[in-house]
Every structure is written in C-alpha cells, then in structure tokens.
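# Understanding the architecture of this molecule
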Amino acid sequence: AKRVRVPALHAMKERGERWPMLTAYDMYTAEIFDAAGIPVLLIGDSAANNVYGYETTVPVTVDELLPLCRSVVAASKRALIVGDLPFGSYQVSPQQALETAIRFMKEGNVHAVKLEGGVRVAPQIQAIVDAGVPVMGHVGFTPQSEHGLGGYRVQGRGSAAEQVLADAHAVQEAGAFAVVLEMVPAEVSKQITAELSIPTIGIGAGPDCDAQVLVWQDMVGLREGTPRFVKRYADMRGVLTEAAKAYAADVVGGTFPTHEHSYH
Ligand code: KIV
Ligand code: NA
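About the criteria used
Residues numbered from 1 in each chain as written. Chains lettered and ligands numbered in written order. Predicted model: local features only at pLDDT ≥ 70, side-chain atom pairs only at ≥ 80, totals over all residues. Heavy atoms only, no water. Helix = DSSP H or I, 4+ residues; strand = E, 2+ residues; numbered from the N terminus. Rg over C-alpha atoms; globule rule 2.2 N^0.38 Å. Buried < 20%, exposed > 50% of the residue type's maximum accessible area, 1.4 Å probe, protein only. Contact = heavy atoms within 4.5 Å. Donors = N, O, S within 2.8 Å, 3.2 Å for Na, K, Ca; no water. Pairing = 2+ DSSP bridges. Axes fitted to C-alpha atoms, helices over the stretch in contact; angles between N-to-C directions. Domains from an automatic or database assignment. Buried area = accessible area lost by both parts, 1.4 Å probe. Salt bridge = Lys/Arg side-chain N within 4 Å of Asp/Glu carboxyl O. Polar contact = N/O pair within 3.5 Å; in protein donor to acceptor, adjacent residues only side chain to side chain. Near = heavy atom within 4 Å. Areas by Shrake-Rupley, 256 points an atom, 1.4 Å probe, with all protein chains shown as cover.

A few words now on the overall build of the protein chain. Along its length, the protein chain carries eleven helices and eight strands. Relative to the 2.2 N^0.38 estimate, which gives 18 Å for 264 residues, the radius of gyration of the protein chain is 20 Å and therefore close to what a compact globule would have. For the protein chain, the spread of C-alpha atoms along the principal axes amounts to about 70 × 40 × 40 Å. Counting only residues that meet the buried cut, the protein chain has 49% of its 264 residues in that class. Sequence-distant contacts, at least 24 apart, represent 58% of the contacts inside the protein chain between residues at least 6 apart.

Pasting the structure below:
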C-alpha cells in the first residue's frame, strides 16, 4: 500500500471527509495507529511532556526528536509522517528553519514538518516549502510560546479572533498544506475552516475543523488530568497499573514463574 500524500488530504477537504491524526513517538504506537487507519501521524514536540518528562515543550531538542521520527517512519506503512520542529530550531531565520527541516527529512525520514506561528513565521514556512518539503502550520495556542502567552489559554476570543484569522491565512499564503488550530473558540475555527482552502486540524477547536488531532497518551487515558478538549477512549493507566500489580504479586508470592515458563 502506498503512503498517504498531501493531495489525498486536500481531496478529502473537497469531499467534506473528516480525518483523524494522532501523535506517535515510537514503534508500537506507530504500527498500531497506522494499521488502525490513522492517515497522519505526528512526532510532536509534545514528546517533551509525554516521553522525556519535561514540564514544557521548550527544552526538547532536534537531536531528541530525530530518533523518535525514525522509529515511527520505520514502523508505519501507510500514514503520512510529520515531524514537529522544536523551539529554537526555526525562529532565528528562514535559513535556520530550512536547515532544521532538511535534518528532519534526511535524518528523521519524515514526509513533512510542522512549526508553530502564523504571520511571524511565514518566511520560514515559505523557505521550507520552496525546498520541496510540505509544511503543516500551527496557530491559536502555540505551546512553545506558553511563557509569553501566560500559560495554556484559549486564543482568539473576542477581538483577538482577528489575529488568529490573520495567522491562519498567513500560513496558507506561505504555502502550508494544512494548519493545526489549538485552543481556539469553535466559532473562530468554523470561520477559518470555511475561509481556507487547506485543511484545518483542530485540538480544542470545536467540531467544525476538517480534521482532528490528539496526543495519543491523552486519547487512551495514560495521562492524568487532561484538559476538557480531550476524550478518553480507554483507561490505559488503569490497565497498566493492574498488570504491574498482578505481576508484582505473582513474583512476590511465587506464582510466576512456574515450571510452564521454565526450560528443563
Ligand atoms: O506536539 C504536539 O503534540 C502537537 C499537536 C497537539 C498538534 O503539536
Ligand atoms: Na507540537
């Protein structure tokens, strides 16, 4: 089977077909989500919080993300794989952005890259697109700027909607193939989705985007204390806790391993 490519996502927008996206940071999750039919997988810089245990996405580096990218690409067959450029790897200049995108393509084996920001990073998006690399934008709440934005907050309420709209349009004009809308009022996302020709991918952005993304650990209930925009489809935290406790009890009680698990 062939990989999903950008024109297929654009065709889905034209047909009004919604599609799901998930993060993945390793082999098994990539294999499972790919086989489940998720067409786009993102190695998010949210690996900072969900793999490396950092408090924010700010400290995670290109060198920390590239091995995760390689594993997700190697373990998937059909999905379009997007690598997320971390804080500090593209803000300096369009040239820096292009150099980082090239590393993600050559050393991460990904098929596209994502970066945060609208109007202010349009030159970066354009430089990467001009080199033949598909770029996914990300506007609204942008976690790499959480210190500047004053924490996790909905962006684009009231008159601030104009800025989010301008950012989304700037991303499209710069040549991005899709744009993530994070923590944006549903009414604003609906308007952006109607105005843009590229697909919008919501997270905390209401029901009217062209696509939806979640961090996989949130989607399956691995992380505690998820925000209201998350829906949990499993209790993986409970499942793993019970498994670890049962295993521990067996070892301590001498009921595992038995002769069945032994070589003679
Ligand atoms: O890093 C990430 O997981 C993301 C998605 C939530 C869009 O940027
Ligand atoms: Na991200």
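So that's the structure; there's more coming.
Taken together, the protein donors to the sodium ion (ligand 2) comprise Asp45 (OD) and Asp84 (OD), at separations of 2.2 to 2.3 Å. Residue Asp45 is located in the loop between strand 2 (40–43) and helix 3 (47–50), and its partner Asp84 is located in strand 3 (residues 80–84); the two are separated by 39 residues in the primary sequence. The residues Asp45 and Asp84 share a single accessibility class, namely buried.

The strand order around the closed barrel built from eight strands is 1-2-3-4-5-6-7-8, with neighbouring strands paired in parallel fashion. If you compare each strand with its neighbour and ignore which way they point, the axes differ by 25° on average. Sheet topology places strand 3 next to strand 4 (residues 112–114); three bridges connect them, and they run parallel. Counted as the bridge partner of Val82 is Ala112 from strand 4. Against the sheet, helix 8 (residues 161–173) touches strand 5 (135–140) and strand 6 (178–182), its axis set at about 175° to strand 5.

Domain boundaries in the protein chain define domain 1 (6–233) and domain 2 (235–264). Centre-to-centre, using C-alpha coordinates, domain 1 lies 39 Å away from domain 2. Between domain 1 and domain 2 the total buried area reaches about 440 Å² when both faces are included, carbon and sulfur atoms providing 56% of it. The largest contributions to the domain 1 side of the interface with domain 2 come from Val220, Leu222 and Glu224, which together make up 70% of the buried area. Taken together, the connections running from domain 1 to domain 2 amount to one salt bridge. Glu224 is the partner of Arg237 in a salt bridge, and the nearest nitrogen-oxygen pair spans 3.6 Å. At the junction of domain 1 with domain 2, the criterion picks out three residue pairs in polar contact (both at pLDDT 80 or more).

Around ligand 1 sit Thr23, Leu42, Gly44, Asp45, Ser46, Asp84, Lys114, His138, Val180, Ile203, Val213 and Val215, and those are all the residues in its vicinity. Here an oxygen atom of ligand 1 and a side-chain polar atom of Ser46 are 2.5 Å apart. Asp84 places a polar side-chain atom, nitrogen or oxygen, 3.1 Å from an oxygen atom of ligand 1. Burial of ligand 1 by the protein chains amounts to 95% of its free accessible area of 260 Å².

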